[in-house]
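A closer look at the structure
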Amino acid sequence: MHIVLMKFADAGDAAKATLRLEELAGVVPEIRAVEVHLDELNTGVSWDLYLKTTHLDADDLRAYQAHPAHLELGAWLRPLLTSRAVVDYTEA
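First, a word on what this report is: a plain description of the structure on this page. Bear in mind the structure is a predicted one, so any value in this text is a computation, not a measurement.

**Comments concerning helix H1 (residues 13–24)**
A rise of 1.5 Å per residue sets the reference length of H1, with its twelve residues, at 16 Å; its end C-alpha atoms lie 17 Å apart and thus fit the reference within 8%. Tucked inside the fold, the buried residues of H1 contact strand E1 (2–8), strand E2 (33–38), strand E3 (49–54), helix H2 (58–66) and helix H3 (68–77).

Below, the structure is given as structure tokens:
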């Protein structure tokens, strides 16, 4: 599993990012499943966007991260973010 939490300089960009992230599943074959959710409470400790992608194994995750569509999206996303947190793990 690949979990990413994102904070945007402009929270309105999170909705645009949601659409673009969901589109990756149809383009990157190493994505087995994708979930994208926007924060609803907007508390002082909230992140704007939650992304979870599922991959067969660590090699698939690396292939996803190196895929041109992922790299293009990352280039668009990075300037919009104020912070990002990532957790990668293998589901038992």
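**Topic: the side chain of Lys52**
By the secondary structure assignment, Lys52 is in strand E3. Leave out the neighbours within four places in its chain, and Lys52 touches Met1, His2, Ile3, Ala33, Val34 and Glu35.

**Let's talk about the sheet that holds E2**
Strand order in this open sheet of four strands is E2-E3-E1-E4, and the pairing throughout is antiparallel. One side of each edge strand has no neighbouring strand; the edge strands of this open sheet are E2 and strand E4 (81–88). On average, each strand axis in the sheet is tilted by 15° relative to the strand beside it, whichever way the strands run. Relative to E3, E2 runs antiparallel, the two sharing six bridges. In the strand pairing of E3, Glu35 is matched with Lys52. Taken strand by strand, H1 contacts E1, E2 and E3, and its axis lies near 170° from that of E2. Here H2 sits on the sheet in contact with E1, E3 and E4, set at roughly 35° to E1.

**Remarks on the environment of Leu77**
Within the fold, Leu77 resides in helix H3. Using a relative accessible area of 8% as the deciding quantity, one classes Leu77 as buried. Between the C-alpha atom of Leu77 and that of Leu61, which follows or precedes it by 16 residues, the distance is 19 Å.

**Comments concerning the side chain of Thr18**
With respect to the secondary-structure elements, Thr18 resides in helix H1. When its relative accessible area of 11% is taken as the criterion, Thr18 is described as buried. Each residue touching Thr18, except ones within four places of it in the same chain, is listed here: Val36, Leu38 and Leu49.

Thresholds, definitions, all that
Residues numbered from 1 in each chain as written. Predicted model: local features only at pLDDT ≥ 70, side-chain atom pairs only at ≥ 80, totals over all residues. Heavy atoms only, no water. Helix = DSSP H or I, 4+ residues; strand = E, 2+ residues; numbered from the N terminus. Expected span 1.5 Å × (residues − 1). Contact = heavy atoms within 4.5 Å. Pairing = 2+ DSSP bridges. Axes fitted to C-alpha atoms, helices over the stretch in contact; angles between N-to-C directions. Buried < 20%, exposed > 50% of the residue type's maximum accessible area, 1.4 Å probe, protein only.

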